Amino acid sequence: MNVVIYARVSTITQDYDRQLSELRKNAARMQHNVVREFVEVISGAKKVNEREAISELFTYCDDNHVDIVLISECSRLSRRAVDFLKMVEYLNERNKHIYPSEWP
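Thresholds applied
Residues numbered from 1 in each chain as written. Predicted model: local features only at pLDDT ≥ 70, side-chain atom pairs only at ≥ 80, totals over all residues. Heavy atoms only, no water. Pairing = 2+ DSSP bridges. Helix = DSSP H or I, 4+ residues; strand = E, 2+ residues; numbered from the N terminus. Axes fitted to C-alpha atoms, helices over the stretch in contact; angles between N-to-C directions. Contact = heavy atoms within 4.5 Å. Core = buried A, V, L, I, M, F, W, Y, C linked by side-chain atoms within 4.5 Å. Buried < 20%, exposed > 50% of the residue type's maximum accessible area, 1.4 Å probe, protein only. Phe/Tyr/Trp six-rings, centres within 6.5 Å; stacked < 30°, edge-to-face > 60°.

J.: Looking at this model, I keep getting lost on the sheet that holds strand 1 (residues 2-9). Mind explaining?
T.: Hydrogen bonds along the backbone pair up the strands of a sheet, which may run parallel or antiparallel. Strand order in the open sheet formed by four strands is 2-1-3-4, with parallel pairing between adjacent strands. Looking along the sheet, the strands with just one partner apiece sit at the ends: strand 2 (33-41) and strand 4 (97-100). Each adjacent strand pair in this sheet contributes to an overall mean axis angle of 25°, direction not counted. In this sheet, strand 4 lies alongside strand 3 (residues 68-71) in parallel orientation, the contact comprising four bridges. Its bridge partner lying in strand 4, Val69 is registered against Ile98. Sheet strands in contact with helix 2 (residues 52-63) are strand 1, strand 2 and strand 3, and its direction is about 160° off that of strand 2.

Rendered as structure tokens:
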């Protein structure tokens, strides 16, 4: 399966390397092919249209064969419940799924 990785931190004083490392390890453990990584430093409370990496991720998923979006935890994708649900719905409608790092 082809997967993309998404990691986010809220401030420039934080580091997303731990998220990336865990996500890469889990992808390898599940024998998934990581085709691209998306990272950003922005508050998870920002709206989707204010988040460049999320827009790039959706465009990439639409234009390429991607089965799964790997995230370390749901709050990394969005802290706004309504936006999180919209993202899940958007990807599910395109037969792409979001899995948190600890899955399964």
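J.: So what exactly am I meant to see when it comes to the nonpolar core here?
T.: As a rule of thumb, nonpolar side chains are buried together in soluble globular proteins. In this structure, Val4, Tyr6, Leu57, Cys61, Val69 and Leu77 are the most contacted members of the largest nonpolar core, which totals 17 residues. When contributions to this core are tallied by element, the ones reaching two or more residues are strand 1, helix 2, strand 3 and helix 4 (81-93). Residue contributions to this core peak at six residues, all from helix 2. By size, the runner-up hydrophobic cluster in this structure holds nine residues, among which are Leu23, Ala27, Met30 and Ile68.

J.: I keep staring at the packing of aromatic side chains and nothing clicks. Help me out?
T.: Ring pairs (aromatic) are described by centroid distance and by the angle formed between their planes. Counted according to the given criterion, the structure contains two aromatic pairs. Aromatic pair Phe38 and Tyr60: ring centres 5.9 Å apart, planes at 65°, arrangement edge-to-face. Of this pair, Phe38 sits in strand 2 while Tyr60 sits in helix 2, placing them 22 residues apart in sequence. For the pair shown, Phe38 and Tyr60 are each scored as buried. Plain terms: the ring middles of Phe58 and Tyr90 are 4.7 Å apart, the flat faces sit at 45° to each other, and that makes the pair tilted. Here Phe58 is found in helix 2, whereas its partner Tyr90 is found in helix 4, with 32 residues between them in sequence. According to the relative accessible area criterion, Phe58 is buried, its value standing at 11%. Looking at Tyr90, the relative accessible area reads 24%, which means it is partly exposed.

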